[in-house]
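Per-entry structural report
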Amino acid sequence: MFESMTRGFDSALSFFRMGGKLTESNIDGGLRQVRQALLEADVNYDVVQQFTDRVKAAALGQDLLKSVNPSQQFVHLLYQELAALMGPVDHEIKLRKGDVTVLMMCGLQGSGKTTTCGKLAKLLQSQGVRPMLVAADLQRPAAIEQLRVLGAQLGVPVHAEDPSVGPVKVCQNGVAQARKLDVQVVILDTAGRLHVDAALMKELEEIDRKVLPQQIFLVTDAMTGQDAVNSAKAFNDSLELDGCILTKLDGDARGGAALSIKSVTGVPIKFIGVGEQLDKLELFHPERMASRILGMGDVVSLVERAQQQFSQEQLEEQQKKMASGSFTLLDFQKQMGQIKQMGSIMDLMKMIPGMGKIAESFGAMNINPEKEMGRVEAIISSMTPKERLNPDLIDHSRRRRIARGAGVAPAEVNGLLKQFNEMSGLMKKMSGMGTIQRFQAMRQMGNAGFFDPTSQMGIPKLRTAPEVGDRRAAEEKKKKARKEAKAQRKRNRR
Amino acid sequence: MGLLDRLKAGLKRTKDLLFTDVRDLFKSGEPLTEERLEQFFARLIATDMGVAAANAIREELRKEHLGRLVDVDAIWATVKAQLKLLLKGGEGTSWNQTEPLSALNLGESKPAVILVAGVNGVGKTTSIAKLANLLKKNGKSVVLAAGDTFRAAAVEQLTLWSKRLDCEIVTKPAGSDPASVAHAGCSRALEIGADVVIVDTAGRLQTQANLMKELEKIHRVISARVPGAPQEVLLVLDATTGQNGVIQAKSFSQAVHCTGLVLAKLDGTAKGGVVVAIRQSMNLPVKFVGVGEQIDDLEVFDAEQFVEALFA
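1. A word on the overall build of chain A
For chain A, the helix and strand inventory stands at 22 helices and eight strands. Within chain A, the fraction of its 494 residues that count as buried is 48%. When the accessible surface of chain A is summed, it comes to about 24800 Å², and 51% of that surface belongs to carbon and sulfur atoms.

And the structure:
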């Protein structure tokens, strides 16, 4: 996400990075590129204008030109202004005591309202809250059905009635139903329209007035262009939104809406949808977004994703194993599986500062880290359980068997084992260190290529010693070549 | 209501946006200044036509009118001419309004296969229903293949439409391989001698490599079943889409060689301008526009009228 914007910023900043002097005129030049990048990313024209004006004023005002490292200062300034554009955000959904909390979702058709209802329910579930869904979208054929399916998948009760009842009544009945059930939060899935029109607004206002939801969220498609701001404004005018949920941010949406909505309407973006699965709803953090847009990575989110995947006990156990040197290939295999579940390697790499460019160059070179990881997995899977626990067992013949099973050259098996040995040695050392030292050691490991599943890549398939059959074939080939050369010489003589 | 009126109604907001501000922008008798041009540029950006296209129009205006006294009509003529040029592309393609099927290349042999793709929530299924309706009205028999086996209730939605339109539909249970649905749809059409098969696909983001591969497979399977098919690959685009539309067009074309665009939800949006950017960078024409929520609200795209309606 935000790649195009990041590239724009990058080219604007490249000049400063080269150590060029900051002058008013080249700040202007850089900002012009920033402006172009933002406009191409569908950021609202006025927002772009204000943003560049503010950055320029701040840059000149802060005596940036005279500071020790002006280009870094300038990046920092951009970061601050970007974060300010999108924040601040309060994600908390306050639960009422003794009564159900009602959340109302609204948005245009096709923005992903119904799916987002499911995702939000899932998010609440993961926080230990019991949600319920109400199907008040009586417009779209099959919306009720879709919500039912989602409810069944999540194990969440769904309140639905015949469309003839009318949306307001359905919502009221839904909330009444929720009070009887053991439910804490009710999520209302309201109808969408193609565009903001009076009939829709009236319907939504009526629901708002009669059901009195505690929070109202607008669901917006991140791919929407300049219109995103207009519809957000219209919804906010009649409903007083509490927040925005930006969907489909996993595509290469340019994210202009993310930057524009808060500063034009004052409604903060609270959640973002980053995938089709129901657990792909994340809290929106302006600072992290700003850092990602500027190509500075997003380590905090990476760590959070890791925490979701690895439980504390698991981590401790692994750490203990590492410390005692008993971290085996079996554990390694397990770990790889979990990393895979965190998302695509490319995505993860983009969250690490400085790795974004590497990930991009992979794409350009047609390198697929996923595939490489698959290769490593295949090698480990081709080992017997005994071999995984004790790799020292692997001799020449076992290695050949494993290589054949995994479809790789035997040398690759060797390479993996060697890396693994060095890694477990380092891990053992690391476990006795403080955090900072540990980080340094990690860096060392990174340099040695441990975290980089592609470190072995680009090396052409290594051949092992030729076998008897090969030798014979080679001799034949040589003989034939000699014969042909002889014949050719003869012909040349004539 | 004729097409022109409907387009006008659909584009009213764009027009309002351009026109009201613009009337204040360009006043007869004043000299045209850089400042005014910049303000006009901002309005153009707001239509989603992209920085490049907006720049092209601004450049043209600068060349022709900068520093002269404003002649509103002449300025409009320049803007319109430039826009039409951008929209029609190199060959000056346009379709016959009275024959709605002229925009479609249905080939010689039966059945013709139309593959419909797009990102999530753009209105693929509805557009398919409208297209089927249009084909039926023009005397073609249609088979629908409900290839969106992923989204909950998508198959039901299309089945509902097929009943209303009284045309045959081929479905498989949720989670089936969409390529097999496409295959079954083509087979069914061959069996009953239908004229056209329209294959629905699940919405997918262009960044999801595995899903794009799946789309390629659907395309492959169709060509294997019906030689020369699919005759048309239509990418459905939401008219509110911004510059991402260009990337969508690029990536989908890369996977399945799109032959044209369907601009859905044009009614009531302020935008649709992204088709200018797409035409400019990809030379991919808009074939149909969805201009309302009713089943008949699908029209053949006409660049002339689009531009006229924009500024009329």
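2. What about the interface of chain B and chain A?
In this assembly, 38 residues from chain B lie in contact with 29 residues from chain A. The junction of chain B with chain A conceals about 3100 Å² of combined surface from both sides, 55% of it contributed by carbon and sulfur atoms. Our count for the contact surface shared by chain B and chain A stands at one salt bridge. For the pair chain B and chain A, the number of links is eight residue pairs in polar contact (both at pLDDT 80 or more). Sorting the residues of the side of chain B that touches chain A by element identifies α3 (34-45), α4 (51-65), α7 (154-165) and α10 (244-256) of chain B as the ones contributing at least two each. Looking at the side of chain B that touches chain A element by element, the count peaks at four residues for α3 of chain B. Grouping the constituent residues of the side of chain B that touches chain A by class yields 15 nonpolar, 15 polar and eight charged.

3. Side note on the nonpolar core
In this structure, Phe235 and Leu259 of chain A together with Leu135 and Ile198 of chain B are the most contacted members of the largest nonpolar core, which totals 174 residues. Examining the composition of this core, we find that eight residues originate from one element, helix α4 (residues 70-86) of chain A, more than from any other. Setting aside residues no more than four positions away along its own chain, leucine 259 of chain A makes contact with Met5, Leu38, Val43, Val47, Leu82, Leu85, Met86 and Ile293 of chain A. Judged by nonpolar contacts, the second largest core, of 24 residues, contains Ile93, Cys117, Ile144 and Ile245 of chain A.

4. Quick word on the pattern of salt bridges
Residue and element names in this part refer to chain A. With the rule as written, the count across this model stands at 23 salt bridges over all chains. Of the charged contacts, one joins arginine 96 and aspartate 99 as a salt bridge, the two residues approaching to 3.4 Å between their closest N and O atoms. In this structure arginine 96 comes out as partly exposed when scored by relative accessible area, which is 37%. Here aspartate 99 falls in the partly exposed class, since its relative accessible area comes to 25%. For the salt bridge of arginine 401 with glutamate 387, the shortest nitrogen-to-oxygen distance reads 2.9 Å.

5. Quick notes on the pairing of strand β5 (residues 215-221) of chain A
Looking down a regular strand, the side chains alternate between one sheet face and the other. Residue and element names in this part refer to chain A. Burial within β5 is extensive, with seven of its seven residues counted as buried. Across the two faces of β5 the burial is the same, with Gln215, Phe217, Val219 and Asp221 and Ile216, Leu218 and Thr220 all buried. Bridge analysis of strand β1 (residues 101-107) against β5 gives five bridges, and the strand direction is parallel. Bridge assignment links cysteine 106 to a residue of β5, and that residue is leucine 218. Sheet topology note: the β5/strand β6 (residues 243-247) ladder contains five bridges and is parallel. Following the sheet pairing, valine 219 is matched in β6 by isoleucine 245. Considered for its hand, the β-α-β crossover made up of β5, helix α9 (residues 227-239) and β6 is right-handed.

6. Observations regarding helix α7 (residues 167-180) of chain A
Residue and element names in this part refer to chain A. Taking 1.5 Å as the rise per residue, α7 with 14 residues should run 20 Å; its terminal C-alpha atoms sit 20 Å apart, in good agreement. Taken together, the buried positions of α7 are occupied by Pro167, Val168, Val170, Cys171, Gly174, Val175 and Ala178. For α7, the angular spread of the buried residues around the axis is 165 degrees, confining them to a single face. Facing away from the buried side of α7, by more than 90 degrees, are the exposed residues Arg179 and Lys180. The inward-facing, buried residues of α7 contact β1, β2 (131-136), β3 (158-159), β4 (185-190) and α8 (198-211).

7. Section: the packing of helix α5 (residues 113-126) of chain A against helix α6 (residues 143-154) of chain A
Relative placement of two packed helices is described by the angle separating their axes and the distance separating the axes. All names here are of chain A. Where α5 contacts α6, the axes come no closer than 9 Å and their chain directions differ by 20 degrees. One element, α5, and the other, α6, form an angle in the roughly parallel class. The chirality of how α5 crosses α6 is right-handed. Of the residues in α6, those in contact with Thr114, Thr115, Cys117, Gly118, Ala121, Lys122 and Gln125 of α5 are Ala143, Gln146, Leu147, Leu150 and Leu154. Tallied by class, the residues present in the contact of α5 with α6 amount to six nonpolar, five polar and one charged.

8. What about unusual backbone geometry?
Residue and element names in this part refer to chain B. For the peptide bond that leads from lysine 110 to proline 111, omega is -10 degrees, which places it in the cis range. The residue proline 111 is located in the loop between α5 (72-88) and β1 (112-117) in this model. Going from alanine 229 to proline 230, the amide bond is cis rather than trans, its omega being -10 degrees. With respect to the element layout, proline 230 can be found in the loop between α9 (209-225) and β5 (232-238). Its identity is not glycine, yet aspartate 48 carries a phi of approximately 75 degrees, on the positive side. With a phi close to 60 degrees, asparagine 283 is a non-glycine residue in the positive phi region. Here asparagine 283 is to be found in the loop between α11 (274-282) and β7 (286-290).

9. Some remarks on the confidence of the model for chain B
Averaged over every residue, the pLDDT of chain B is 83; the share at 70 or more is 86%. Interface scoring of the predicted complex returns ipTM 0.71; its pTM is 0.68.

10. Quick word on the sheet that holds β7 of chain B
Residue and element names in this part refer to chain B. Pairing within the open sheet is mixed, and its eight strands lie in the order β3-β2-β4-β1-β5-β6-β7-β8. Of all the strands in the sheet, just β3 (168-170) and β8 (298-300) have a single pairing partner and so form its edges. The sheet shows a mean angle of 25 degrees between the axes of neighbouring strands, direction not considered. Sheet topology note: the strand β2 (residues 142-145)/β3 ladder contains three bridges and is parallel. Considered in β3, the bridge of leucine 144 is made with isoleucine 169. Here α10 sits on the sheet and contacts β1 and β5; the angle it forms with β5, its principal contact strand, is near 160 degrees.

11. Some points on the packing of aromatic side chains
If you walk through the whole model with that rule in mind, you get three aromatic pairs over all chains. Summarising the aromatic geometry, the rings of tyrosine 45 of chain A and phenylalanine 41 of chain B are spaced 6.4 Å apart at their centres and angled 75 degrees between planes, so their arrangement reads as edge-to-face. Here tyrosine 45 of chain A, found in helix α3 (residues 45-61), pairs with phenylalanine 41 of chain B, found in helix α3, and the two come from separate chains. Residue class for tyrosine 45 of chain A comes out buried when judged on its relative accessible area of 11%. Here the aromatic rings of phenylalanine 217 of chain A and phenylalanine 271 of chain A are separated by 5.9 Å at their centres, their planes lie at 80 degrees, and the arrangement is edge-to-face.

Rules behind the numbers
- Residues numbered from 1 in each chain as written.
- Chains lettered and ligands numbered in written order.
- Predicted model: local features only at pLDDT ≥ 70, side-chain atom pairs only at ≥ 80, totals over all residues.
- Heavy atoms only, no water.
- Helix = DSSP H or I, 4+ residues; strand = E, 2+ residues; numbered from the N terminus.
- Buried < 20%, exposed > 50% of the residue type's maximum accessible area, 1.4 Å probe, protein only.
- Areas by Shrake-Rupley, 256 points an atom, 1.4 Å probe, with all protein chains shown as cover.
- Contact = heavy atoms within 4.5 Å.
- Buried area = accessible area lost by both parts, 1.4 Å probe.
- Salt bridge = Lys/Arg side-chain N within 4 Å of Asp/Glu carboxyl O.
- Polar contact = N/O pair within 3.5 Å; in protein donor to acceptor, adjacent residues only side chain to side chain.
- Nonpolar A, V, L, I, M, F, W, Y, C, P; charged D, E, K, R; others polar.
- Core = buried A, V, L, I, M, F, W, Y, C linked by side-chain atoms within 4.5 Å.
- Pairing = 2+ DSSP bridges.
- Right-handed = clockwise from strand over helix to strand, strands pointing away.
- Expected span 1.5 Å × (residues − 1).
- Arc of directions from axis to C-beta.
- Axes fitted to C-alpha atoms, helices over the stretch in contact; angles between N-to-C directions.
- Parallel < 35°, antiparallel > 145°, perpendicular 65-115°, else oblique.
- Left-handed = near helix turned anticlockwise from the far one by under 90°.
- pLDDT = per-residue confidence, 0-100.
- Phe/Tyr/Trp six-rings, centres within 6.5 Å; stacked < 30°, edge-to-face > 60°.

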